[in-house]
Amino acid sequence: PAEGSEKSKERVTPPVPTLPPGASAQQQRFFRMVQAMSAGRSGYLRRSGPALEKDTLLGLVLRIGLPMENPAVSSSFQNAASRTMKDVKQGIEGMRRQLRIYQDKCNELVRALVTAGADARGQVMNWIIDALLVNIGADAMRPDRSKVSNAQTLLNLAVVLLKLCEPFISDEKKSALINPGFASFAEGHGGVFITTGDNAVPRLAENPVMPSEPYKPKNSFIPQCFFFTARALHLSVVSGSSYHMGILRQVNNTAWQLRQRNENAQSDPNFNHILSMQYANEVSLLAPEMIADTLRFLNLTARFLVRIDDSQLALMPEHFVDDICDLTTFISRVEPKTMQGLDLGNIFKMVVKLLSPKYAHTVRNYNLRAKLGDVLYEVYLPPNVDGSSSVPRSVSCDPLTGGQPYLLSDASAQETLAPSLLLLYGEVEHTGYYEKMSHRAHIAALLKYLWESTEHRNAFRRITQNKESFIKFANGIMNETNSLIASVMEKLPEIRRVQVQMANPQQWAALPEEQRETITSRHEENERDVERALPLCNKTLQMLGYLNTDDDIRNLFLLEEMCSRLVNMLLHVLTKLVGSKGLELKVDNPENYNFRPKEMLRDLCAIFASFSSAHEFQVECAKSGYYNTDLMTKSVKTCRKLNLLTGESMELFESLAEKVKTASKHVGDDDALVADAPDEFLDPLMCTFMKDPVLLPTSGTVIDRSTIMQHLLNDPVDPFNRKPLTVDMIIPATELKEKMENWLEEKRSAMSTQGV
């Protein structure tokens with residue numbers, strides 16, 4: 001029935017099926033299966049997903065398949081943990097062959113209907129519109145099965161629509177007929193892409209300007225197929241992939257818990273049940289042909305998003321980009337072999353385009369921008385560059401450039417990607433505490449790969465021209481490294497203590513069960529925190545190291561507002577590693593946590609070596625409360641003993657202590673010179689003699705430029721009254737500065753006269 005009609009609001013209560021008398025054993029098994037599949041359905045509206053499956057021809061056809069909740073499917077994987085993978089794969093392949101035969105017949109039926117004439121095609125398209133509208137809630141975390149169709153119906157719908165798109169997926173001339181105006185043409189999409197109300201489909205840009213020109217496509221069928229396929233994939237494969245990742249996490253977590261209790265996973269009924277659900281779900285969701293068709297369609301979608309103009313791009317449904325990110329990363333993790341031989345170059349171009357600073361305001365969703373970065377890492381960073389990616393090398397390489405990686409050969413990437421990733425590094429701060437660590441570890445790996453290539457070196461040089469932007473990025477690195485290292489070095493000893501405790505069965509069993517549960521829960525939380533933090537900690541230290549091999553970048557770190565922060569951060573980490581016996585800290589299976597203290601110390605000492613000749617760095621070391629001669633002496637000895645640095649780098653690091661000693665004398669002389677300075681010459685926050693006094697117009701306070709610059713990097717407000725404040729609002733206190741310089745000159749003359 002039509003939406004909003006009285007009939008659409010009627011509720012249907014399905015009768016409880018009864019077993020016919022004299023049923024055979026086979027009929028009884030089938031009856032029980034039907035009962036299980038209909039369990040939990042308390043009724044449905046006349047206009048709903050369940051009604052679509054029961055009361056329409058295409059619904060009755062497309063509902064048939066091999067869903068994981070079907071007992072006949074899940075029971076095929078009984079005792080899954082004790083079966084060989086070869087046996088499991090054979091079972092999956094056998095079911096997939098049956099499913100493929102049926103889906104081929106569904107494709108033939110729908111193709112016959114859409115080619116039977118304009119009237120039949122129109123009815124099919126109207127049915128598809130209704131199917132997409134009544135299943136609006138299928139992308140929820142827990143879909144209401146009394147309102148939406150079962151997962152197999154939606155999956156079959158997506159498969160059928162993908163096949164309808166085949167003629168124009170690889171034909172650029174035909175795909176050029178996809179008219180972006182369809183997304184804004186309500187009469188054509190029937191409300192599937194509505195922009196208002198509870199069922200609104202968000203657009204890429206915020207409050208985009210709707211097109212003023214009427215929708216007049218050269219071909220109406222191709223845009224319909226394209227946009228409806230994208231929506232169907234969102235409600236089926238994308239939703240299914242999210243659910244499947246949840247199952248995988250449950251499998252891994254249950255297996256871990258069983259190992260902690262020294263129990264056998266193969267004989268555990270709960271673990272076997274969850275594992276059987278995983279395999280049953282993979283039958284339909286990870287069918288290779290459907291995955292390949294989906295990836296080809298996503299690449300077409302990316303090509304479409306790259307070619308349309310900016311005003312049209314702003315009007316595209318946000319989930320188009322979101323789904324490309326989610327599905328490509330999902331497939332790269334769980335079924336990377338299916339990507340072999342597929343051309344995904346357009347997805348790379350789309351990611352580079354949308355990450356560029358020009359489109360930062362179009363793609364406004366920070367979580368989505370973070371996902372774009374994850375796609376680059378998961379799919380396009382060549383295998384074995386950072387870890388053990390199983391994505392075929394052909395996916396990350398451009399066949400038109402002789403097999404060079406897209407990251408190196410693409411002209412747009414060479415121009416914009418390095419600054420885009422620096423911008424993204426700061427933006428992912430808004431994605432959540434734990435999520436940002438993973439995102440930043442990925443970004444750091446990408447930046448390292450780009451840094452090592454000559455193709456991107458000019459882009460890195462241009463980055464230094466935007467001083468304010470780079471300083472924000474660098475400040476973020478230092479803040480995070482300080483926080484991460486403090487957290488890690490606090491939690492690793494706790495992890496070790498619990499590991500020792502658990503390793504003694506008698507001591508562990510003697511504890512009350514409630515206490516064991518509390519300790520285990522805290523232990524698991526510590527492990528998760530360390531596993532997230534250490535990869536990023538390692539990579540940020542490496543990033544600081546290779547970035548500062550460039551003179552222009554190193555000079556930015558030596559700016560007054562940056563240098564003291566850098567020195568304090570480096571000395572803080574050094575104290576944690578060497579001063580608190582961090583190198584001697586032992587944990588079971590350290591590689592599981594990415595805990596490599598010797599490598600961390602090597603990278604840290606290399607940074608010290610790269611700055612050791614800079615006078616500003618020496619002076620800030622002398623001023624720092626973290627610096628002490630014993631710490632530096634011990635660090636040098638450890639570095640030599642473990643052979644962490646060699647040659648010139650070792651000599652530079654070793655020379656730093658003497659240089660800091662000399663700088664300390666000058667610092668002492670300067671302190672003596674200004675010891676009796678008037679209060680108006682002192683920084684109101686740091687109580688130090690100001691070098692470059694500035695006026696804050698928001699509070700009328702005079703403060704040293706370096707102090708307020710450091711403050712504004714973390715908090716864009718006046719520290720004295722919390723009013724909004726930006727760097728460009730600061731006013732140089734020229735008269736006071738001149739007065740201070742005259743006072744200093746008089747002091748130096750007086751001291752010179754006294755022979756000091």
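Data block above holds the structure.
As a starting point, this report considers the structure included with it. The structure displayed is predicted, hence computed values, not measured ones.

**Topic: the overall build of the chain**
Summing up its helical and strand segments, the chain has 32 helices and seven strands in all. For the chain, the spread of C-alpha atoms along the principal axes amounts to about 120 × 75 × 55 Å. Every one of the 756 residues in the chain was classed for burial, and the buried ones make up 50%. Taking all contacts inside the chain whose residues are at least 6 apart in sequence as the whole, residues at least 24 apart take part in 74%. Carbon and sulfur atoms make up 50% of the accessible area of the chain, which amounts to about 36,500 Å² in all.

**Let's talk about the packing of helix 12 (residues 288-307) against helix 14 (residues 318-334)**
Between helix 12 and helix 14, the least distance of the axes is 10 Å, while the angle of their chain directions is 140°. Between helix 12 and helix 14, the angle is such that the two are oblique. Handedness of the crossing formed by helix 12 with helix 14: left-handed. In contact with Ile291, Thr294, Leu295, Leu298, Thr301, Ala302 and Leu305 of helix 12, helix 14 contributes Phe320, Val321, Ile324, Leu327, Thr328 and Ile331. Across the contact of helix 12 with helix 14, the residue classes break down as ten nonpolar, three polar and no charged.

**Observations regarding the sheet that holds strand 7 (residues 731-732)**
The three strands lie next to each other as 6-5-7, forming an open sheet whose pairing is antiparallel. Both outer strands of the open sheet, strand 6 (701-704) and strand 7, are each paired with one neighbouring strand and no more. As paired elements, strand 5 (residues 693-696) and strand 7 share two bridges and run antiparallel to each other. Of the residues in strand 7, the one forming a bridge with Val694 is Pro732.

**A word on the nonpolar core**
By size, the foremost hydrophobic cluster in this structure holds 183 residues, and its most contacted members are Phe227, Phe228, Leu305, Leu376, Phe608, Phe617 and Phe653. Among all residues touching Phe608, those that are not within four sequence positions of it are Leu570, Leu571, Leu574, Phe617, Met632, Phe653 and Leu656. Residues Ile247, Ile274, Tyr279 and Val283 belong to the second largest nonpolar core, which totals 21 residues.

**Here's the deal with empty space enclosed by the protein**
Scanning the entire structure with this criterion turns up four cavities of 30 Å³ or more. Approximately 110 Å³ is the volume attributed to the largest cavity. Taken together, Arg96, Leu99, Arg100, Gln103, Asp104, Asn107, Val159, Lys163, Ala287, Glu289, Met290 and Asp293 form the lining of the largest cavity. Contributing elements (two or more residues each) for the lining of the largest cavity: helix 5 (85-114), helix 7 (151-169) and helix 12. Here the lining of the largest cavity gets six residues from one element, more than from any other, and that element is helix 5. Of the pockets and cavities examined, the second largest cavity occupies roughly 60 Å³.

**Digging into the packing of helix 24 (residues 513-547) against helix 27 (residues 597-611)**
Between helix 24 and helix 27, the shortest axis-to-axis distance is 9 Å and the interhelical angle comes to 25°. On the basis of their axis angle, the class for helix 24 and helix 27 is roughly parallel. In this structure, helix 24 meets helix 27 at a crossing whose hand is left-handed. Facing helix 24, whose interface residues are Leu534, Cys537, Asn538, Leu541, Gln542, Leu544 and Gly545, helix 27 presents Met600, Asp603, Leu604 and Ile607. Here the contact of helix 24 with helix 27 is composed, by residue class, of seven nonpolar, three polar and one charged.

**Description of helix 19 (residues 411-427)**
When the terminal C-alpha atoms of helix 19 are compared, their 24 Å separation across 17 residues agrees well with the 24 Å that a helix rising 1.5 Å per residue should span. Along helix 19, the helix axis deviates most sharply at Leu417, where the bend reaches about 45°; the proline Pro419 sits within four residues downstream. Along helix 19, the residues that are buried comprise Ala413, Leu417, Ala418, Ser420, Leu421, Leu422, Leu424, Tyr425 and Glu427. You can read the cap of helix 19 off the contacts: a side-chain oxygen lies 3.1 Å from the backbone nitrogen of Ser412, and it is on Asp410.

**Some remarks on helix 11 (residues 269-285)**
In this model, helix 11 (17 residues) spans 24 Å end to end at C-alpha, consistent with the 24 Å of a helix rising 1.5 Å per residue. Among the 17 residues that make up helix 11, 14 are buried, leaving the element largely enclosed by the rest of the structure. Of the residues that open helix 11, the one with a side-chain oxygen 3.3 Å from the backbone nitrogen of Asn270 is Asp268.

**Side note on the packing of aromatic side chains**
In this structure the tally under the stated criterion is 27 aromatic pairs. Aromatic side chains Tyr380 and Tyr406 sit 6.0 Å apart centroid to centroid with 85° between the ring planes, which places their arrangement in the edge-to-face category. Of this pair, Tyr380 sits in helix 16 (residues 366-380) while Tyr406 sits in helix 18 (residues 406-409), and the two are 26 residues apart along the sequence. We classify Tyr380 as buried; its relative accessible area is 0%.

Definitions and limits used
Residues numbered from 1 in each chain as written. Predicted model: local features only at pLDDT ≥ 70, side-chain atom pairs only at ≥ 80, totals over all residues. Heavy atoms only, no water. Helix = DSSP H or I, 4+ residues; strand = E, 2+ residues; numbered from the N terminus. Buried < 20%, exposed > 50% of the residue type's maximum accessible area, 1.4 Å probe, protein only. Contact = heavy atoms within 4.5 Å. Areas by Shrake-Rupley, 256 points an atom, 1.4 Å probe, with all protein chains shown as cover. Axes fitted to C-alpha atoms, helices over the stretch in contact; angles between N-to-C directions. Parallel < 35°, antiparallel > 145°, perpendicular 65-115°, else oblique. Left-handed = near helix turned anticlockwise from the far one by under 90°. Nonpolar A, V, L, I, M, F, W, Y, C, P; charged D, E, K, R; others polar. Pairing = 2+ DSSP bridges. Core = buried A, V, L, I, M, F, W, Y, C linked by side-chain atoms within 4.5 Å. 1 Å grid on protein atoms, 1.4 Å probe; cavity = no way out; pocket = protein on both sides within 12 Å on 5 of 7 lines; lining within 4 Å. Points joined across faces, edges and corners; volume = space filled by probe spheres on them. Expected span 1.5 Å × (residues − 1). Bend = angle between axes of the 7 residues up to and from the residue. Polar contact = N/O pair within 3.5 Å; in protein donor to acceptor, adjacent residues only side chain to side chain. Phe/Tyr/Trp six-rings, centres within 6.5 Å; stacked < 30°, edge-to-face > 60°.

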